[in-house]
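Chains, contacts and geometry: an overview
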Amino acid sequence: MSLTLINKACPETAIILGSGLSGVVDAFGVEAEVAFAKVPGLSASTVPGHVGRFVLVKVSEKPVLIAQGRRHLYEGLSAFEVTASIRFMHDLGIRRVVLTNAAGAIKDSMEVGELMLISDHLNLQGTTPLLGSAQFHDMSEVYSAGWRQRFHQAAQDLQLPLHEGVYAALLGPQYETPAEIRMLRTLGADAVGMSTVPEAIQARALGMEVAGISMLTNWAAGLKPQILDHAEVVSVGRQASLGLAALLKTAL
Ligand code: HPA
């Protein structure tokens, strides 16, 4: 029933919400919802903080599909499997997707609770959803420059700090060691996480426009005297969801 409603609404834009960011949906009116498990090729998330459903919302009168949660490689799935939601969106006719995540901050000028627009990524996950396909897609502008400009304008209008930088994706599920974070900094990473990159690659391979936003939920390992904890990551994400919701509303 809800899948039919979503199909009928013909959304052109989608958003994927990462760890602790599901509450962003509360800023929009939900018109329909469907559990991941009801979508062929998708199944429920096993990660605390990930709801595991699609909801249809309206942003400025336009329908937008939001995935509350995502699947990860560290759950033991292949890169092809974790990107089923992107192919589902593409099949629905969606051509633009905003990928959000929780990430550890590496760059000195950042603060926990702030947002970073992803300018580019380092795929350090050792796999890709295109594996086995011999598809040699160009990846020189994964994250749309035009869309980034729009997000910066929206952040300025809202007087919301918005960093821009390189997101490094690691396999996880363990957090990084301090030595790994020093390596990532040397490689040019500004934030680190365990998601988003397979989805971005799949979406670009399908010709979709991609934006990426990291919620900086913690300092990356070894940068501050702290112990990394998933519950803390989810909690910071929840508290900072309002700013992200406002940014999405304004930019879309
Ligand atoms: N490392 C990897 N993934 C993350 C982090 C981190 O510090 N914070 C949130 N997701």
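See the structure shown above.
To start, this report covers the structure provided alongside it. (Residues numbered from 1 in each chain as written. Predicted model: local features only at pLDDT ≥ 70, side-chain atom pairs only at ≥ 80, totals over all residues. Heavy atoms only, no water.)

**Some words on the layout of surface pockets**
Taken as a whole, the largest pocket encloses approximately 320 Å³ of empty space. Going through the elements one at a time, strand 5 (96-105), strand 8 (191-193), strand 9 (209-219) and helix 7 (230-239) are the ones with two or more residues in the lining of the largest pocket. The element contributing the most residues to the lining of the largest pocket is strand 5, with four residues. Classifying every residue of the lining of the largest pocket gives 12 nonpolar, 11 polar and two charged. What the second largest pocket holds in volume is close to 170 Å³. What lines the second largest pocket is Cys10, Glu12, Thr13, Val59, Lys62, Pro63, Val64, Arg96, Arg150 and Leu252. (1 Å grid on protein atoms, 1.4 Å probe; cavity = no way out; pocket = protein on both sides within 12 Å on 5 of 7 lines; lining within 4 Å. Points joined across faces, edges and corners; volume = space filled by probe spheres on them. Helix = DSSP H or I, 4+ residues; strand = E, 2+ residues; numbered from the N terminus. Nonpolar A, V, L, I, M, F, W, Y, C, P; charged D, E, K, R; others polar.)

**Details of the pairing of strand 4 (residues 62-68)**
Where burial is concerned, most of strand 4 is hidden: six out of the seven residues are buried. Two elements, strand 1 (residues 13-17) and strand 4, share five bridges in a ladder whose sense is parallel. When the bridges of strand 4 are listed, Ala14 appears paired with Leu65. Sheet topology note: the strand 3 (residues 53-59)/strand 4 ladder contains seven bridges and is antiparallel. Opposite Lys58, over in strand 4, you have Pro63 as the bridge partner. Linkage of strand 3 to strand 4, two consecutive antiparallel strands, is achieved through a turn of two residues, within which Ser60 is found at a positive phi near 50°. (Buried < 20%, exposed > 50% of the residue type's maximum accessible area, 1.4 Å probe, protein only. Pairing = 2+ DSSP bridges.)

**Side note on the site of the ligand**
The ligand sits among Ala102, Ala103, Gly104, Tyr175, Glu176, Val192, Gly193, Met194, Thr217, Asn218, Leu228 and Val233. Between the ligand and Ala102 there is a distance of 3.3 Å, counted from a nitrogen atom to a backbone nitrogen or oxygen. Protein burial of the ligand: of its 260 Å² of free accessible surface, 95% is covered by the chains. A molecule is said to occupy a pocket when more than half its atoms come within 2 Å of that pocket's grid points, and by this definition the ligand occupies the largest pocket. Counting only elements with at least two residues in the shell around the ligand, the list comes to strand 5, strand 8 and strand 9. Considering each element in turn, the shell around the ligand owes the most residues, three residues, to strand 5. Looking at the shell around the ligand residue by residue, the classes come out as seven nonpolar, four polar and one charged. (Near = heavy atom within 4 Å. Polar contact = N/O pair within 3.5 Å; in protein donor to acceptor, adjacent residues only side chain to side chain. Areas by Shrake-Rupley, 256 points an atom, 1.4 Å probe, with all protein chains shown as cover. Sits in = over half its atoms within 2 Å of the grid points.)

**Things to note about the packing of helix 4 (residues 145-158) against helix 8 (residues 241-251)**
Orientation of helix 4 relative to helix 8, taken along the N-to-C sense of each, is 120°, at an axis distance of 9 Å. In terms of their interaxial angle, helix 4 and helix 8 are classed as oblique. Handedness of the helix 4/helix 8 crossing: right-handed. On helix 8, the residues touching Arg150, Phe151, Ala154, Ala155 and Leu158 of helix 4 are Ala246, Leu247, Leu248, Thr250 and Ala251. (Axes fitted to C-alpha atoms, helices over the stretch in contact; angles between N-to-C directions. Parallel < 35°, antiparallel > 145°, perpendicular 65-115°, else oblique. Left-handed = near helix turned anticlockwise from the far one by under 90°. Contact = heavy atoms within 4.5 Å.)

**Some details on the environment of Val97**
Tracing the sequence through the fold places Val97 in strand 5. A relative accessible area of 0% means that Val97 is categorised as buried. The spatial distance from the C-alpha of Val97 to the C-alpha of Leu42 is 18 Å, given a sequence separation of 55 residues. When residues no more than four places from it in sequence are discounted, the contact partners of Val97 are Ala14, Ile16, Ile86, Met89, Trp147, Ala203, Met208, Glu209, Val210 and Ala211.

**What about helix 3 (residues 84-92)?**
Each full turn of the α-helix corresponds to 3.6 residues, which orients residues three or four apart in the same direction. In terms of burial, helix 3 is a largely internal element, eight of the nine residues being buried. All buried positions along helix 3 are accounted for by Ala84, Ser85, Ile86, Arg87, Phe88, Met89, His90 and Leu92. Two residues or fewer after helix 3 comes Gly93, characterised by a positive phi angle close to 100°.

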